[in-house]
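Chain and residue survey
Each chain, letter by letter, is given below.
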Amino acid sequence: MADPNKVDPIHQFAITDVFSTGDGGFAFTNSALFMVLTVGLIIIYMLGSTASRSVVPSRAQVVSELLYDFVANMVRGAAGSEGMKFFPFVFSLFMFVLVANMFGMVPFFFTVTSHIIITFALAMLVFVVVIGYGIYRNGFKFFKLFVPAGVPAYVLPIVVPIEIVSFISRPISHSVRLFANVLAGHITVKVFAGFIMSLGSLGVLGFLGASLPLLMTIAITALEFLVAALQAYVFAVLTAMYINDAIHPSH
Amino acid sequence: MEAEAAKFIGAGIAAIGMAGAAMGVGNIFGSFLSGALRNPSAAQSQFGNLIFGFAVTEALGIFSFLIALLLLFAV
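Computed from a predicted model, the values in this text were never measured in an experiment.

**As for the overall build of chain B**
- Of the regular secondary structure elements, chain B holds three helices and zero strands.
- Beginning at the N terminus, the succession of helices and strands in chain B can be written as α-α-α.
- Judged by the C-alpha coordinates and their principal axes, chain B covers about 60 × 15 × 10 Å.
- When burial is assessed residue by residue, chain B has 11% of its 75 residues classed as buried.
- Taking the intrachain contacts of chain B between residues at least 6 apart in sequence as the baseline, contacts between residues at least 24 apart amount to 91%.

Written out as structure tokens, the structure reads:
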């Protein structure tokens, strides 16, 4: 950060205080600000678009109904009709991640999901809900999850530890997938934007050369919109699949 | 060797891991296409599985990219 002409692709993820009460006290950061904005936008939009429901829906109502149907079908497909109990949970997670990712695509906006602590908190929430509901619903039978049916007894000493480790590493892979996709995408855009600057400073020929990374930046930005929506979908699908494990533990 | 140089070499080596993810993702979409062209009516119902397999495979490439980034910027 010492040299202002040097491109710093990491700088966009810096956490700064919007206001704070002094050293070590309460601090309202830009991360918290954008989380509040994300949740606020979701609440205002979903309540506003469904406030005056009609048989012939308005455009805003169509969008919220599409989102509802999309997530409802996904949860029903992955976790069965009993999993629909968890539909509000999965829908909230999906909307939060989707809107946070989309906010991140706006220039100069902070990307909430580019920090692992946020995504890890979400993934741990899912993990705790799965374990809690699995034991509440199935009791001791929940641990059948680690003993796949139909596996010969002499393979079990190998299979059971693998199943346990893969279960415990779920919150890690669940959170790192979202965080790393968002982080990597935003850094890639910034790196190519840096190429434009360094080529453009070389004069007329540099201007011609700089049009190549400019095209690349546009293409990657489009790809990032796809990734932003896709990762929200993937996060929700995995949540639904983990909840399915809690409801039907015996594979 | 300078520690700084070792960092850059390590980041380069970590980036090789992405080749594996590239093969995996290519395999997933290639298999999906060849299956979908054989039976187009069943293709739509497998879209969720396609995206799920893509995400799980892609995550491994992202992990190695993350290691490279950590070496470059965080260590």
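What follows continues from the structure just given.
**What to know about the overall build of chain A**
- Scanning chain A from N- to C-terminus turns up seven helices and two strands.
- Element order for chain A, N to C, with α for helix and β for strand: β-β-α-α-α-α-α-α-α.
- For a compact globule of 251 residues, the expected C-alpha radius of gyration is about 18 Å, and chain A comes in at 22 Å, more than 25% above that figure.
- Referenced to the eigenvectors of the C-alpha coordinate spread, the extents of chain A come out at roughly 70 × 55 × 45 Å.
- Counting only contacts in chain A whose residues sit at least 6 apart along the sequence, the fraction spanning at least 24 positions is 66%.

**Description of the packing of helix 4 (residues 116-138) of chain A against helix 7 (residues 204-247) of chain A**
Residue and element names in this part refer to chain A.
- At a minimum axis distance of 8 Å, the contact between helix 4 and helix 7 shows a crossing angle of 20°. The orientation of helix 4 relative to helix 7 falls into the category roughly parallel. Once helix 4 is placed against helix 7, the crossing between them reads as right-handed. Only Thr239, Tyr242, Ile243, Asp245, Ala246 and Ile247 of helix 7 make contact with helix 4, whose side of the interface consists of Val126, Val130, Tyr133, Gly134 and Arg137.
- Tallied by class, the residues present in the contact of helix 4 with helix 7 amount to seven nonpolar, two polar and two charged.

**A short note on the UniProt feature "transmembrane region" (unreviewed entry) in chain B**
All names here are of chain B.
- UniProt records the feature "transmembrane region" (unreviewed entry) at residues 6-29 and 50-74, using the numbering of this structure.
- From the first C-alpha to the last, residues 6-29 spans 36 Å; its make-up is 100% helix and 0% strand.
- Counted over residues 50-74, helix gives 100% and strand 0%. Its end C-alpha atoms are 34 Å apart.

**Focus: the interface of chain B and chain A**
- Between chain B and chain A, the residue contacts involve eleven residues of the former and 13 residues of the latter.
- Class assignment for the residues of the side of chain B that touches chain A results in ten nonpolar, one polar and no charged.

**Overview of the UniProt feature "domain: V-ATPase proteolipid subunit C-like" (unreviewed entry) in chain B**
- Per the UniProt entry, the sites bearing "domain: V-ATPase proteolipid subunit C-like" (unreviewed entry) are residues 9-71 of chain B in this numbering.
- As a span, residues 9-71 of chain B carries 94% helix and 0% strand, and end to end its C-alpha atoms are 9 Å apart.

**Brief notes about the confidence of the model for chain B**
Residue and element names in this part refer to chain B.
- With 100% of its residues at a pLDDT of 70 or more, chain B shows a mean pLDDT of 88.
- Predicted confidence in chain B is weakest over helix 3 (residues 47-74), with a mean pLDDT of 82, and strongest over helix 1 (residues 3-38), with 92.
- Both confidence scores are given for the complex: pTM 0.86, ipTM 0.71.

**Remarks on the nonpolar core**
- A:Val90, A:Phe94, A:Val97, A:Ala236 and A:Ala240 are the most contacted members of the largest nonpolar core, which totals 47 residues.
- Elements supplying a minimum of two residues to this core: helix 2 (59-79), helix 3 (87-104), helix 4, helix 6 (170-200) and helix 7 of chain A together with helix 3 of chain B.
- Of all the elements, helix 7 of chain A adds the most residues to this core, at twelve residues.

**Looking at the packing of helix 6 of chain A against helix 3 of chain B**
- At a closest axis distance of 9 Å, the pairing of helix 6 of chain A and helix 3 of chain B adopts a crossing angle of 65°. As for the relative orientation of helix 6 of chain A and helix 3 of chain B, their crossing is left-handed in sense. Counting all contacts with helix 6 of chain A, which are made through A:Ser173, A:Val176, A:Arg177, A:Ala180, A:Asn181, A:Ala184 and A:Ile187, the residues of helix 3 of chain B involved are B:Ala55, B:Ala59, B:Ile62, B:Phe63, B:Phe65, B:Leu66 and B:Leu69.
- Residues of the contact of helix 6 of chain A with helix 3 of chain B, tallied by class, amount to eleven nonpolar, two polar and one charged.

**Comments concerning the pairing of strand 1 (residues 17-20) of chain A**
Residue and element names in this part refer to chain A.
- Pairing between strand 1 and strand 2 (residues 27-29): three bridges, direction antiparallel. The residue of strand 2 that forms the bridge with Phe19 is Phe28.
- Joining the antiparallel neighbours strand 1 and strand 2 is a turn of six residues, in which Gly22 adopts a positive phi near 110°.

**Structural notes on the environment of B:Leu33**
All names here are of chain B.
- Its place among the elements puts Leu33 in helix 1.
- You can call Leu33 exposed: it has 12 C-beta atoms within 10 Å.
- Expressed as a C-alpha distance, the spacing of Leu33 and Leu70, which sit 37 residues apart in the sequence, is 36 Å.

The rules behind each value
Residues numbered from 1 in each chain as written. Chains lettered and ligands numbered in written order. Predicted model: local features only at pLDDT ≥ 70, side-chain atom pairs only at ≥ 80, totals over all residues. Helix = DSSP H or I, 4+ residues; strand = E, 2+ residues; numbered from the N terminus. Buried ≥ 20, exposed ≤ 12 C-beta atoms within 10 Å, placed from the backbone. Contact = placed C-beta atoms within 7 Å. Rg over C-alpha atoms; globule rule 2.2 N^0.38 Å. Axes fitted to C-alpha atoms, helices over the stretch in contact; angles between N-to-C directions. Parallel < 35°, antiparallel > 145°, perpendicular 65-115°, else oblique. Left-handed = near helix turned anticlockwise from the far one by under 90°. Nonpolar A, V, L, I, M, F, W, Y, C, P; charged D, E, K, R; others polar. UniProt positions renumbered as here; feature names shortened; annotations may be inferred. pLDDT = per-residue confidence, 0-100. Core = buried A, V, L, I, M, F, W, Y, C linked by C-beta atoms within 7 Å. Pairing = 2+ DSSP bridges.

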